[in-house]
Amino acid sequence: MTFPRRDPTKTRESPPARPIVPKDAAVVILLREPVDPTDPQLFWAKRGQRMAFLPGFHAFPGGQREEADAEVEVSHAPDRETATIIACAARELF
């Protein structure tokens, strides 16, 4: 049985690209005190083996913003958007 050969002069058409929509997210980087600028000690977490994205890898705590983050009161935030991201970071950390 023989198969037809592909014509190298013809290119395959790619499906139309879907636009990538960025999502707001926050990450927390914790330093152990006292901080030694020449040898900082960082805290990070090992991702669960059942996670869809990078299971078992180490990462800083963080994740995507949720609608409920906008309802959290945050003291001393300069604006609502910053307060929402701070609330997201705190939720993801805990």
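Counting starts from 1 at the beginning of each chain's written sequence and moves along it residue by residue. Whole-chain, interface and lining totals are the exception, using all residues; otherwise, since this is a predicted model, local features are given only for residues with pLDDT of at least 70 and side-chain atom pairs are given and counted only at 80 or more. Each side-chain value is worked out from all heavy atoms of the structure, with water and hydrogens disregarded.

This part takes up helix α1 (residues 80-93). Look at α1: 20 Å from first C-alpha to last across 14 residues, which is about the 20 Å you get at 1.5 Å a residue. Exposure classes here rest on a 1.4 Å probe applied to the protein chains alone. A residue is buried below 20% of its type maximum, exposed above 50%, and partly exposed in between. Helix and strand assignments come from DSSP, with helices taken as H or I runs of at least 4 residues and strands as E runs of at least 2, each series counted from the N terminus. Those residues of α1 that sit buried are A83, T84, A87, C88 and A89. Tucked inside the fold, the buried residues of α1 contact β1 (25-27) and β6 (62-64). Think of a polar contact as two N or O atoms within 3.5 Å of one another; within protein, one of them needs to be a possible hydrogen donor and the other a possible acceptor, and neighboring residues in sequence only count if both atoms come from side chains. Between the side-chain oxygen at the start of α1 and the backbone nitrogen of E81 there is a gap of 3.2 Å, and the oxygen is on D79. Expected span of a helix, by definition, is 1.5 Å for each gap between consecutive residues, and there is one gap fewer than residues. By definition, residues are in contact when any of their heavy atoms lie within 4.5 Å.

What follows deals with the side chain of D69. Structurally, D69 is set in the loop between β6 and α1. Accessibility expressed as a relative area gives 3% for D69, which makes it buried. Only 2.9 Å separates the side chain of D69 from the side chain of R91, close enough to count as a polar contact. When residues no more than four places from it in sequence are discounted, the contact partners of D69 are Q64, R80, T84, A87, C88 and R91.

The next thing to look at is unusual backbone geometry. Following E33, the chain continues to P34 via a peptide bond in cis, the omega torsion being -10°. By the element assignment, P34 lies in the loop between β2 (30-31) and β3 (42-43). The phi angle at L54 is positive, at roughly 50°, despite the residue not being glycine. Here L54 lies in the loop between β4 (45-46) and β5 (58-59). The backbone of H76 sits at a positive phi, close to 65°, despite the residue not being glycine. Examined against the element boundaries, H76 turns out to sit in the loop between β6 and α1. A relative accessible area of 83% places H76 in the exposed class.

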